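# Tertiary structure, described
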Amino acid sequence: MSVQQATLQSLKAGRRALWRQRLAENWRVFRGNLLGKIGLSLLVMFGLMAGLSYIPPLIDPMYHPMTGVDPLVVKSTGPSLTHWLGTDFMGRDILSQLLAGARVAFMVGVSAAFMSVVLGTAVGMTAGYLGKTTDTLLMRLADMIMVLPTLLVVLMLAALFGQLSIWMIVLMIALFRWPGVSRVIRAQTLSLKQRPFIDAARVAGASHTRIIFRHIMPNVLPLAFLYMTFRVTSAIVIEAGLAFLGFGDPGTVSWGMMLQWVWKTGHMFTAPYWLLPPGICISLITLSFYMLGRAMDEVLDPRLRDETQAG
Amino acid sequence: MSQSHKDILKLEGVSKFYRTRGNRYRRGGGTVVALSRVNLSLRPGEIFGLVGESGSGKTTAGRLVVRLEEPDEGRITLDGVDITHLKGGGLRDYRRKVQMVFQDPYQSLNPQMTIADAVAEPLITNKVGDPADRLERVLGVLDTAGLSPAEDFIYRFPHQLSGGQRQRVAIARAIVLEPSLLVADEPTSMLDASYSAQIFEILQGVRDQMGATIIFITHSMAAARYLCDRIAVIYHGHLVEQGPAEAVINSPSHPYTKALIDATPKFGRCEGVPTYGTYLPAPRPAGEQAGCPFFQRCALAERLLCSATYPEWRQVAGEQVCLCHFAAEGGQSPPPPEECRLGG
Amino acid sequence: MALLKVENLSIGYRTAGGMLKAVDGVNLSLEEGRSLGLVGESGCGKTTIGMALMGLLPPNGSITGGRIVLDGVEISALDEEELRKVRWSQVAMIFQAAMNALNPVIRVSAQMTEAIRTHRPDMDEQAIMQRVEGLFNLVGLPLERLHDFPHQYSGGMKQRAIIAMALALNPKLIIADEPTTALDVIVQDQILKETKVLQEQFDIGIIFISHDISIVAEVCHDIGVMYAGQLVEAGPAQEVFFNSKHPYTRALVGSFPTLAGPKSKLTPIPGEPPNLIGAIPGCRFCDRCPKDTASCKLEPPKWQEINERHWVLCDHC
């Protein structure tokens with residue numbers, strides 16, 4: 001191995017150490033934030049629930065959240081030893097439904113948020129960087145979508161095409177929720193574009209692609225990530241709303257679905273053990289993602305402050 | 001000028017206008033002249049100073065040279081090749097030869113990029129060498145730019161460095177391709193005075209060791225005198241005086257050059273620098289569009305002539321030329337007769 | 001009696017990495033009508049001292065030792081309410097970023113009358129207006145621009161307006177923190193000269209904070225050179241500039257180019273100032289000092305009197 005190769009190796013090692021150090025620093029700030037800690041512990045709890053959701057059906061087929069029916073139960077019953085949270089109107093276990101609901105919530109929330117943020121970031125960066133006609137067209141499109149009431153439109157589509165699968169719902173949410181992100185990312189891109197380091201990159205011979213991916217993107221990604229945590233919240237709420245109104249995926253057990261079953265079978269005021277758990281879970285998971293987002297805000301902020309203060 | 005064929009960079013009649021958009025207070029758009037018919041030629045291996053205040057167009061001139069902007073009129077040639085409207089691949093090749101150091105080191109480095117990545121960027125975009133070669137060159141230029149041991153700096157982010165260090169990183173990045181022309185846009189104005197000397201030393205080293213030609217843009221006459229071989233003074237987009245640095249500063253001819261010298265702090269080691277008093281503290285009403293650009297502030301202006309007629313370039317001494325009706329050989333403009341002079 | 005006495009002043013900032021000693025044992029004194037220039041690199045503590053004199057330290061900063069006495073009153077012991085009375089009426093400040101010190105949506109005249117009205121409830125509107133017009137004349141601003149908004153002013157005019165506001169209540173002391181850094185050379189020169197004239201006219205004490213020793217030397221009677229939170233050399237401007245003793249002062253004087261004289265090589269100062277978190281046993285400059293000896297690193301240097309009123313903090317001068 002030549003000396004050059006050795007230095008190169010050490011450069012790579014140094015770069016890794018640098019990122020570790022950066023991560024550690026961010027983690028330190030995050031840990032100092034109470035909201036973030038609460039949010040993160042709640043999310044860990046929901047994550048555990050989602051993970052545990054695979055276990056009950058293995059114990060006994062009657063614990064399958066969708067199809068498992070306790071043959072001894074014919075109506076909704078309260079908590080007992082065999083059904084810790086009770087059963088629903090046809091004897092399905094509420095706890096295993098609740099666990100399965102956590103899995104669905106994560107799946108819907110994260111994937112819809114991820115898709116909308118990716119789309120929003122791509123559109124926002126393109127519009128901001130290219131400017132002119134492209135900017136106008138993309139932003140007018142964003143405006144048009146932004147003013148559409150997501151829930152109402154998805155409801156209408158669901159009514160038109162019959163029941164929608166959970167993935168269709170995810171896609172819909174993503175398609176309707178990107179404009180907000182793209183506005184923020186566009187604004188950020190516009191201000192970055194004016195910064196001298198972009199001029200410096202141009203003088204260094206960087207192509208547009210390189211400027212977008214190497215210079216602008218790393219500077220907007222933290223913001224995009226921040227927006228993702230907030231978007232998760234709204235995606236979960238929209239899915240729950242759809243399901244509660246009866247337009248959810250009938251093949252999936254989500255918390256919104258559970259609420260719909262409570263309501264449809266008239267147990268709203270008679271079975272708190274059935275009504276409360278999914279309701280509390282929806283509120284808590286949206287709250288925890290929100291708190292996480294607030295903490296991320298803190299984490300991203302000091303670095304920005306750091307930069308300006310040095311000047 | 002006899003050796004014009006040897007000039008590395010030539011600006012011929014270069015103008016740049018900015019269109020301002022109207023707003024609620026000022027209806028309609030207007031045009032701001034950033035540069036007006038500028039002629040410049042640079043000789044290989046010299047440090048050429050462009051001196052002026054903010055808004056004088058000196059930065060615009062620098063940005064035109066590195067082609068961050070395109071001139072509206074005139075033409076720019078490097079080694080005889082017209083680069084005024086280069087695009088695409090041609091522009092990329094051009095930028096291998098012409099690099100720039102920006103004014104504000106707090107803004108000109110990407111906060112998300114390590115020093116190693118920032119300095120290596122010109123090499124990567126121009127596909128020079130393999131990663132190992134590139135690293136070696138990066139370490140080399142960091143050393144040239146006075147950041148040693150270079151290994152200590154490459155893993156850091158810009159916000160972990162002081163302003164002086166950042167500016168040295170910016171210089172390293174600009175010289176890593178060994179350009180033949182370097183534009184340094186007020187590289188010390190955002191830094192503590194104590195860092196300036198370091199930056200000057202590095203720039204001199206770049207010229208002496210790499211043979212690069214440097215355009216040094218500054219507002220400081222003293223810095224220009226220290227660093228430059230020749231200087232040009234620019235006022236509101238118009239060049240007003242040009243010549244060897246020593247000559248222009250010791251015997252300035254244009255009233256604006258004199259005003260700049262008056263304004264430089266002279267405490268210590270400046271005995272014998274006269275006070276010229278050529279700058280009107282309050283501007284007089286504007287003259288005609290075609291008049292002398294300095295008319296409003298010039299204490300020596302003669303109303304009829306200066307407000308209406310654009311001056312011609314006059315040779316003052318040797319290579320020193322001046323854009324003033326009253327410039328005369330010998331370096332001093334004779335004061336106009338008392339009755340023609342305007343009150344302040 | 002001195003107008004201002006700063007005795008053994010220490011100021012610390014609480015940071016994530018620990019206590020940062022921004023100012024460490026600084027002594028200053030200023031007579032009425034004199035001007036003192038504080039010079040040093042960014043981070044040397046000069047702005048922190050200015051803020052402390054105004055009682056405007058940021059929330060994570062505090063005076064950890066020593067005292068500030070202005071005109072017989074110990075400022076460092078006052079509470080916020082008492083400080084507010086002292087501020088502007090006795091000590092005024094001209095900030096580094098003067099452009100931002102004016103409220104962009106309020107007319108200049110209104111901002112100036114407001115400043116006077118809050119501190120001088122006894123003055124009637126007409127008297128206040130007369131005062132404002134007088135100030136405008138004083139700093140060379142045209143009266144017809146009195147009712148403009150700040151954004152209609154040029155940089156130099158804004159700085160003049162700020163100076164007028166600083167003078168409004170006849171303060172005994174003005175702290176000028178890099179007042180001309182953002183201005184063009186010609187305007188800078190005009191403002192410096194006018195400041196000097198006003199100071200002599202009204203017998204105001206000025207503390208002039210700058211990183212540029214050539215400007216300070218031109219404007220001030222005395223110079224204090226600061227390095228890494230300490231004062232390292234102090235004395236009359238002529239003395240400190242032409243007869244500098246401390247290696248840092250010499251480097252500062254030798255590091256800026258001049259308009260005349262031989263084009264001697266400038267002397268750049270190598271290295272960077274030390275980190276002020278944690279204890280520094282010896283001399284703070286020794287890492288960058290050409291005279292560095294073994295004892296410098298271990299023992300803190302002592303003050304030496306070079307001449308009358310010219311002091312230096314170095315054992316080898």
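Source: prediction; values computed, not measured.

With that settled, the discussion passes to the overall build of chain A. Along its length, chain A carries 11 helices and 0 strands. Along chain A, helices and strands appear, N-terminal first, in the series α-α-α-α-α-α-α-α-α-α-α. Dimensions of chain A, computed from C-alpha atoms along their principal axes, come out at roughly 75 × 50 × 40 Å. A total of 311 residues make up chain A; the buried ones form 47% of that total. A separation of at least 24 residues holds for 72% of the contacts in chain A among residues at least 6 apart in sequence. Roughly 15200 Å² of accessible area belongs to chain A as shown, and the carbon and sulfur atoms make up 71% of that amount.

When the parts of a complex come together, some accessible area is lost, and that lost area is often used as the size of the interface. Each side of the interface is counted separately: chain C has 40 residues, and chain B has 41 residues. Across the interface of chain C and chain B, roughly 3500 Å² is buried in total on both sides, 57% from carbon and sulfur atoms. Broken down residue by residue, the surface that chain C buries against chain B is led by Ile186(C), Leu259(C) and Lys263(C), which jointly contribute 22%. Seen at the junction of chain C and chain B, the total is 1 salt bridge. Among the ionic pairs, Glu272(C) bridges to Arg168(B), the shortest N-O distance being 3.4 Å. Breaking the side of chain C that touches chain B down by element, the ones donating at least two residues are helix H7 (185–202), helix H8 (213–219), helix H9 (237–242) and helix H10 (247–254) of chain C. In the side of chain C that touches chain B, the residues fall into 19 nonpolar, 12 polar and 9 charged.

Here we take up the domain arrangement of chain B. Examined at the domain level, chain B breaks down into domain 1 (9–219) and domain 2 (255–344). Centre-to-centre separation of domain 1 of chain B and domain 2 of chain B, based on C-alpha positions: 32 Å.

Residue and element names in this part refer to chain C. Taken in spatial order, the 8 strands of this open sheet run E6-E7-E8-E3-E9-E10-E12-E11, and their pairing is mixed. In this open sheet, the two strands that pair with only one neighbour each are strand E6 (91–94) and strand E11 (303–307). Going across the sheet, the axis of each strand differs from the next one's by a mean of 20°, ignoring polarity. Looking at chain direction, E6 and strand E7 (residues 173–177) are connected through 4 bridges and run parallel. Bridging from a neighbouring strand, Ala92 pairs with Ile174 of E7. Contacts from helix H1 (residues 46–54) reach strand E3 (35–39), E6, E7, strand E8 (205–210) and strand E9 (222–227) within the one sheet, and its direction differs from that of E6 by about 145°.

So, on to the pattern of salt bridges. Taken as a whole, this structure holds 37 salt bridges over all chains when the rule is applied. Where salt bridges share partners, they join Asp199(A), Arg202(A), Arg63(B) and Glu69(B) into one cluster.

With that out of the way, let us pick up the interface of chain B and chain A. Contact residues are listed per partner, giving 38 residues for chain B and 33 residues for chain A. It is Gln112(B), Tyr155(B) and His159(B) in chain B that bury the most area against chain A; as a group they hold 19% of the surface buried on that side. For the pair chain B and chain A, the number of links is 3 salt bridges. For Asp199(A), the salt bridge goes to Arg63(B), with nearest N and O atoms at 2.8 Å. Counting across the chain B and chain A interface gives 14 residue pairs in polar contact (both at pLDDT 80 or more). Put simply, the parts of the chain that give the side of chain B that touches chain A at least two residues each are helix H2 (88–97), strand E6 (98–101), helix H3 (115–125), helix H4 (131–144) and helix H5 (163–175) of chain B.

Take a nonpolar patch on the surface next. Residues and elements named next belong to chain A. Together, Val110, Phe114, Met115, Val118, Leu119, Met168, Leu171 and Leu175 make up a nonpolar patch on the protein surface, roughly 610 Å² of accessible area in all. By residue number, the principal contributor to the nonpolar patch is helix H4 (residues 94–130), which donates 5 residues. If you trace the backbone, Leu175 turns up in helix H7 (residues 166–194).

Before going further, it helps to spend a moment on the pairing of strand E8 (residues 213–218) of chain B. All names here are of chain B. Counted residue by residue, E8 has 6 buried out of 6 residues, so it is predominantly covered. Side-chain alternation along E8 places Thr213, Ile215 and Ile217 on one buried face and Ile214, Phe216 and Thr218 on a second face that is also buried. Sheet analysis places strand E3 (residues 47–51) next to E8, joined by 5 bridges and oriented parallel. In the sheet register, Ile47 faces E8, and the bridge partner there is Ile214. Here 5 bridges tie strand E7 (residues 181–185) to E8, and the two strands are oriented parallel to one another. Within the sheet, the bridge partner assigned to Asp185 lies in E8 and is Ile217. After leaving E7, the chain enters helix H6 (residues 193–210) and then returns to the sheet as E8, a path that is right-handed.

With that settled, consider the nonpolar core. Residue and element names in this part refer to chain B. Among the nonpolar cores identified, the biggest contains 83 residues, and Val119, Leu142, Leu203, Phe216, Met221 and Ile231 are the most heavily contacted of them. At 7 residues, H6 tops the list of elements feeding residues into this core. Here this core gathers at least three residues from each of two domains, domain 1 (9–219) and domain 2 (255–344). Excluding residues within four positions of it along the chain, Ile231 makes contact with Phe48, Gly49, Val51, Met221, Ala224, Glu241, Gln242, Gly243, Ala245, Val248 and Ile249.

Residue and element names in this part refer to chain A. By the definition in use, this model includes 19 aromatic pairs over all chains. Aromatic pair Phe230 and Tyr290: ring centres 5.7 Å apart, planes at 50°, arrangement tilted. Of this pair, Phe230 sits in helix H9 (residues 208–244) while Tyr290 sits in helix H11 (residues 272–310), and the two are 60 residues apart along the sequence. Here the aromatic rings of Phe244 and Trp263 are separated by 5.7 Å at their centres, their planes lie at 45°, and the arrangement is tilted. Note that Phe244 is positioned in helix H9 and Trp263 in helix H10 (residues 255–264), a separation of 19 residues in sequence. Overall, the relative accessible area of 26% leaves Phe244 in the partly exposed class. Given the relative accessible area of 47%, Trp263 is considered partly exposed.

Residues and elements named next belong to chain C. Taken together, 4 strands build an open sheet; the order of strands is E2-E1-E4-E5 and the sheet is antiparallel. Edge positions in the open sheet fall to strand E2 (18–30) and strand E5 (73–74), since each of these has one partner strand only. As judged from the 8 bridges shared by strand E1 (residues 4–15) and strand E4 (residues 61–70), these two strands associate in the antiparallel manner. Bridged to Glu7 within E4 is Arg67.

Now for the environment of Gln198(B). For Gln198(B), the location among the structural elements is in helix H6. Beyond its immediate sequence surroundings of up to four residues, Gln198(B) is in contact with Arg168(B), Pro268(C), Ile269(C), Pro270(C) and Gly271(C).

A separate point is the packing of H5(B) against H6(B). All names here are of chain B. Where H5 meets H6, the closest approach of the two axes is 10 Å, and the angle between their N-to-C directions is 15°. Classified by the angle their axes make, H5 and H6 are roughly parallel. For the crossing formed where H5 meets H6, the hand is right-handed. Across the interface between the two elements, Gly164, Gln167, Arg168, Ile171 and Ile175 from H5 touch Tyr195, Gln198, Ile199, Ile202, Leu203, Val206 and Met210 from H6. Taken together, the residues of the contact of H5 with H6 sort by class into 8 nonpolar, 3 polar and 1 charged.

All names here are of chain A. For H9, built from 37 residues, the straight-helix expectation of 54 Å at 1.5 Å per residue is missed by more than 12%, its first-to-last C-alpha distance being only 47 Å. The largest bend in H9 is about 55°, located at Met217, with the proline Pro218 one to four residues further on. Just beyond H9, the residue with positive phi is Gly246, at close to 95°.

Structurally, Ser35(C) is set in strand E3. In contact with Ser35(C), not counting residues within four places along its chain, are Leu30(C), Gln199(C), Ile206(C), Val219(C), Cys220(C), His221(C) and Asp222(C).

On to unusual backbone geometry. Keep in mind that most residues, glycine aside, have a negative phi and that most peptide bonds are trans. Residue and element names in this part refer to chain B. Look at the link from Ser148 to Pro149: it is a cis peptide, with omega at 0°. With respect to the helices, strands and loops of the structure, Pro149 is situated in the loop between H4 and H5. Even without being glycine, Asp79 reaches a positive phi, approximately 50°. Examined against the element boundaries, Asp79 turns out to sit in the loop between strand E4 (73–78) and strand E5 (81–82). Positive phi, normally seen in glycine, also occurs at Glu178, with a value near 50°. Given a relative accessible area of 57%, Glu178 falls into the exposed group.

Rules used in this analysis
- Residues numbered from 1 in each chain as written.
- Chains lettered and ligands numbered in written order.
- Predicted model: local features only at pLDDT ≥ 70, side-chain atom pairs only at ≥ 80, totals over all residues.
- Heavy atoms only, no water.
- Helix = DSSP H or I, 4+ residues; strand = E, 2+ residues; numbered from the N terminus.
- Buried < 20%, exposed > 50% of the residue type's maximum accessible area, 1.4 Å probe, protein only.
- Contact = heavy atoms within 4.5 Å.
- Areas by Shrake-Rupley, 256 points an atom, 1.4 Å probe, with all protein chains shown as cover.
- Buried area = accessible area lost by both parts, 1.4 Å probe.
- Salt bridge = Lys/Arg side-chain N within 4 Å of Asp/Glu carboxyl O.
- Nonpolar A, V, L, I, M, F, W, Y, C, P; charged D, E, K, R; others polar.
- Domains from an automatic or database assignment.
- Pairing = 2+ DSSP bridges.
- Axes fitted to C-alpha atoms, helices over the stretch in contact; angles between N-to-C directions.
- Polar contact = N/O pair within 3.5 Å; in protein donor to acceptor, adjacent residues only side chain to side chain.
- Patch = residues over 30% accessible without salt bridge, like charges linked within 9 Å, V, L, I, M, F, W, Y side chains within 5 Å.
- Right-handed = clockwise from strand over helix to strand, strands pointing away.
- Core = buried A, V, L, I, M, F, W, Y, C linked by side-chain atoms within 4.5 Å.
- Phe/Tyr/Trp six-rings, centres within 6.5 Å; stacked < 30°, edge-to-face > 60°.
- Parallel < 35°, antiparallel > 145°, perpendicular 65-115°, else oblique.
- Left-handed = near helix turned anticlockwise from the far one by under 90°.
- Expected span 1.5 Å × (residues − 1).
- Bend = angle between axes of the 7 residues up to and from the residue.

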